[in-house]
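# Summary of structural features
So you can see what is in the structure, the chains are spelled out below.
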Amino acid sequence: MSKGPAVQKMFDGIAADYDLMNRVMTMGQDQRWRRFVAAKAGDPQGGWVLDLATGTGDIASLMEKEHPEAQHIGADFSINMLLEAKKRFASQSINWQASDANCLPYKDNSFESVTFGYLLRNVDDSLKVLQEIHRVLKPGGRVVCLDTTPPTKNILYPFIRFYFRFGIPLLGRMIASDEAAYSYLTGSTMDFHEAQELADIFTEAGFTAVDYKKFMMGTIGVHWGMKR
Ligand SMILES: C[S@@+](CC[C@H](N)C(=O)[O-])C[C@H]1O[C@@H](n2cnc3c(N)ncnc32)[C@H](O)[C@@H]1O
């Protein structure tokens, strides 16, 4: 069974507390990674750009501020997340659209860049979603992905694992009153692709010049690539 409907319902439920939870959980680092994503997406030269799984809209907002002359779409399948985005960034010129990453309602070769934060961990088939993103990118267009990465088994591993297993769900209970949603987050992180494995899936989906950088003691990864 697809995990899509449960994921959609979960994000609809935590939309109001999502931003505060993000800032606390990442110790205020999350915007730094999003700025790195926006920088890697490059200059769209006035063309169309898409921030997929936009959630409450942070990456779309950063992109719009950097490139006000471009045409911006922030897309997500959670309506409540989109409503938060619309409220937060009402003064910015961004089209907020409901769409599912598995089947994008856009023509082939439409976008100069497609960014997405914390999407792939939530889908059934990363390769299929990356192929769909590849389809809607223009030749020469850039893809940039921010997501969690399973922590490397080094000396810090027990502490990171403890924070993931107990710290984040506890914060979820205190801030978002939803321990289950944040237990899901840590579980889906532990089960997600290793950074190199994910880079290989980008290549399999057709992207070139694929590379990545890790942040936050190796628990966050930003991957990027290009459509030939
Ligand atoms: C953890 S939030 C990230 C939001 C935002 N990108 C950020 O950086 O904070 C993940 C988002 O992905 C969306 N999402 C998950 N699966 C999706 C899918 N198949 N299609 C569209 N959006 C999806 C969820 O609704 C949620 O808003």
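Before going into details, it helps to say that this report is about the structure given with it. (Residues numbered from 1 in each chain as written. Predicted model: local features only at pLDDT ≥ 70, side-chain atom pairs only at ≥ 80, totals over all residues.)

### Some words on the overall build of the protein chain
When helices and strands are tallied, the protein chain shows nine helices and seven strands. The C-alpha atoms of the protein chain give 17 Å as radius of gyration, which agrees with the globular expectation for 228 residues (17 Å, within 12%). In terms of its C-alpha atoms, the protein chain occupies a principal-axis envelope of roughly 45 × 35 × 35 Å. By the burial criterion, 41% of the 228 residues in the protein chain qualify as buried. Contacts in the protein chain between residues at least 24 apart in sequence constitute 67% of all its contacts with a sequence separation of at least 6. (Helix = DSSP H or I, 4+ residues; strand = E, 2+ residues; numbered from the N terminus. Rg over C-alpha atoms; globule rule 2.2 N^0.38 Å. Buried ≥ 20, exposed ≤ 12 C-beta atoms within 10 Å, placed from the backbone. Contact = placed C-beta atoms within 7 Å.)

### Observations regarding the environment of Met216
Looking at the secondary structure, you find Met216 in the loop between β6 (207–215) and β7 (220–227). Taking the number of C-beta atoms within 10 Å as the measure of exposure, Met216 has 17 and is therefore partly exposed. Taking the C-alpha atoms as reference points, Met216 and Met27, separated by 189 residues in sequence, lie 9.9 Å from one another.

### Considerations on the sheet that holds strand β5 (residues 137–148)
Spatially, β3-β2-β1-β4-β5-β7-β6 is the arrangement adopted by the seven strands of the open sheet, whose pairing is mixed. The open sheet terminates on both sides in strands that have one partner only, identified here as β3 (94–98) and β6. On average, adjacent strands in this sheet sit at an angle of 15° to one another, irrespective of strand direction. As judged from the five bridges shared by strand β1 (residues 48–52) and strand β2 (residues 71–76), these two strands associate in the parallel manner. Across the sheet, residue Leu50 finds its bridge partner in β2, namely Ile73. Sitting on the sheet, helix α9 (residues 195–204) touches β6 and β7, and the angle it makes with β6 is about 160°. (Pairing = 2+ DSSP bridges. Axes fitted to C-alpha atoms, helices over the stretch in contact; angles between N-to-C directions.)

### Topic: the packing of helix α6 (residues 126–136) against α9
In the contact formed by α6 and α9, the axes pass within 9 Å of each other and the chain directions differ by 45°. By the angle between their axes, α6 is oblique relative to α9. Along this stretch, α6 crosses α9, giving a crossing that reads as right-handed. Facing Ser126, Leu127 and Leu130 of α6, the residues of α9 in contact are Ile201, Phe202 and Glu204. Looking at the contact of α6 with α9, its residues break down into four nonpolar, one polar and one charged. (Parallel < 35°, antiparallel > 145°, perpendicular 65-115°, else oblique. Left-handed = near helix turned anticlockwise from the far one by under 90°. Nonpolar A, V, L, I, M, F, W, Y, C, P; charged D, E, K, R; others polar.)

### Some thoughts on the site of the ligand
Near the ligand, the surroundings consist of 21 residues, among which Ala53, Gly55, Ser78, Ala101 and Gly117 are the closest. Contributing elements (two or more residues each) for the shell around the ligand: α1 (4–14) and α4 (58–66). By residue number, the principal contributor to the shell around the ligand is α1, which donates four residues. Taken together, the residues of the shell around the ligand sort by class into 10 nonpolar, eight polar and three charged. (Near = placed C-beta within 6 Å.)

### Remarks on helix α5 (residues 79–88)
The complete set of buried residues in α5 reads Met81, Leu82, Glu84 and Ala85. Across the axial projection of α5, the buried residues extend over an arc of 155°, all falling on one side. Where the residues of α5 are buried, they touch α1, α2 (18–25), β2 and β3. (Arc of directions from axis to C-beta.)

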